[in-house]
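# Notes for the structure review
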Amino acid sequence: MQSISVQSLARQFCHGQYVNTVNAALWRQTFEYIARIQDESGFDQSSIAALWRQYGGDLRALIKNDALVLRVLKKCLADTRHQPLQGLTLYRGESWFLFDQEQIGFCWTPAEALATSYAKGLNAVESGGVLLKCFAPAEAILAVPPSASEMKQNTYICDPGALLRMTTLALFPKL
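Residues numbered from 1 in each chain as written. Predicted model: local features only at pLDDT ≥ 70, side-chain atom pairs only at ≥ 80, totals over all residues. Heavy atoms only, no water.

### Topic: the sheet that holds strand 2 (residues 107–108)
Strand order in this open sheet of three strands is 2-5-4, and the pairing throughout is antiparallel. Looking along the sheet, the strands with just one partner apiece sit at the ends: strand 2 and strand 4 (141–143). Here strand 2 runs beside strand 5 (residues 156–158); their pairing, made up of two bridges, is antiparallel. Across the sheet, residue Cys107 finds its bridge partner in strand 5, namely Ile157. Along the sheet face, helix 3 (residues 45–63) touches strand 2, strand 4 and strand 5 and points at about 90° away from the line of strand 5. (Pairing = 2+ DSSP bridges. Helix = DSSP H or I, 4+ residues; strand = E, 2+ residues; numbered from the N terminus. Contact = heavy atoms within 4.5 Å. Axes fitted to C-alpha atoms, helices over the stretch in contact; angles between N-to-C directions.)

### Here's the deal with a nonpolar patch on the surface
Together, Tyr118, Leu122, Val125 and Leu175 make up a nonpolar patch on the protein surface, roughly 400 Å² of accessible area in all. According to the relative accessible area criterion, Val125 is partly exposed, its value standing at 40%. (Patch = residues over 30% accessible without salt bridge, like charges linked within 9 Å, V, L, I, M, F, W, Y side chains within 5 Å. Areas by Shrake-Rupley, 256 points an atom, 1.4 Å probe, with all protein chains shown as cover. Salt bridge = Lys/Arg side-chain N within 4 Å of Asp/Glu carboxyl O. Buried < 20%, exposed > 50% of the residue type's maximum accessible area, 1.4 Å probe, protein only.)

### Looking at helix 2 (residues 24–36)
Between its terminal C-alpha atoms helix 2 stretches 19 Å, which fits the 18 Å expected from 13 residues at 1.5 Å a residue. Within the sequence span of helix 2, burial applies to Leu26, Trp27, Thr30, Phe31 and Ile34. Seen along its axis, helix 2 keeps its buried residues to an arc of 135°; they face one direction. Looking at the buried positions of helix 2, the neighbouring elements they touch are helix 1 (6–14), helix 3 and helix 4 (66–76). (Expected span 1.5 Å × (residues − 1). Arc of directions from axis to C-beta.)

### A closer look at the nonpolar core
Nonpolar side chains in soluble globular proteins tend to be buried together. Judged by nonpolar contacts, the single largest core of 31 residues is most densely connected at Phe13, Trp27, Phe31, Ile34, Trp52 and Ile157. Within the residue set of this core, elements represented by two or more residues are helix 1, helix 2, helix 3, helix 4 and strand 4. Discounting chain neighbours no more than four positions away, the residues touching Trp52 are Phe31, Leu59, Arg60, Val69, Leu73, Phe106, Cys107 and Ile157. (Core = buried A, V, L, I, M, F, W, Y, C linked by side-chain atoms within 4.5 Å.)

See below:
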């Protein structure tokens with residue numbers, strides 16, 4: 001594994017590049033560093049949002065500090081909403097273990113079928129899955145999808161603590 005500094009990893013993250021060859025401690029240090037950055041002009045918001053949609057679950061599992069992750073996402077995604085939102089109904093397939101620990105993830109979709117596939121599949125591997133539904137007011141949405149044409153990209157990045165009327169629609173067994 002090649003040695004990489006916190007600043008170098010932060011620079012790569014801020015340009016939307018995911019580095020999977022570094023350990024959890026370095027990712028935590030990097031997110032702590034990003035949270036302290038005063039000049040936000042170096043953030044490529046759309047690239048960071050795309051990175052989070054694809055690798056956010058991995059990063060969240062490595063960092064193990066949702067409050068820190070939320071601070072960084074709020075800072076890095078400050079300008080990704082280019083359209084006014086009224087709020088909308090969203091769904092998420094979450095692992096039962098994280099749901100039980102009140103650690104709800106950041107990526108939500110208006111496509112119930114997509115959320116169900118995560119609740120029954122990837123997020124059901126270790127403890128079973130849960131399908132969630134909520135109302136996301138505009139202020140809870142940190143980033144909107146670039147377009148609804150691709151299902152994987154049909155994901156809103158949200159502040160889970162600001163979501164309203166969260167309900168459990170279905171439970172799925174451990175795989």
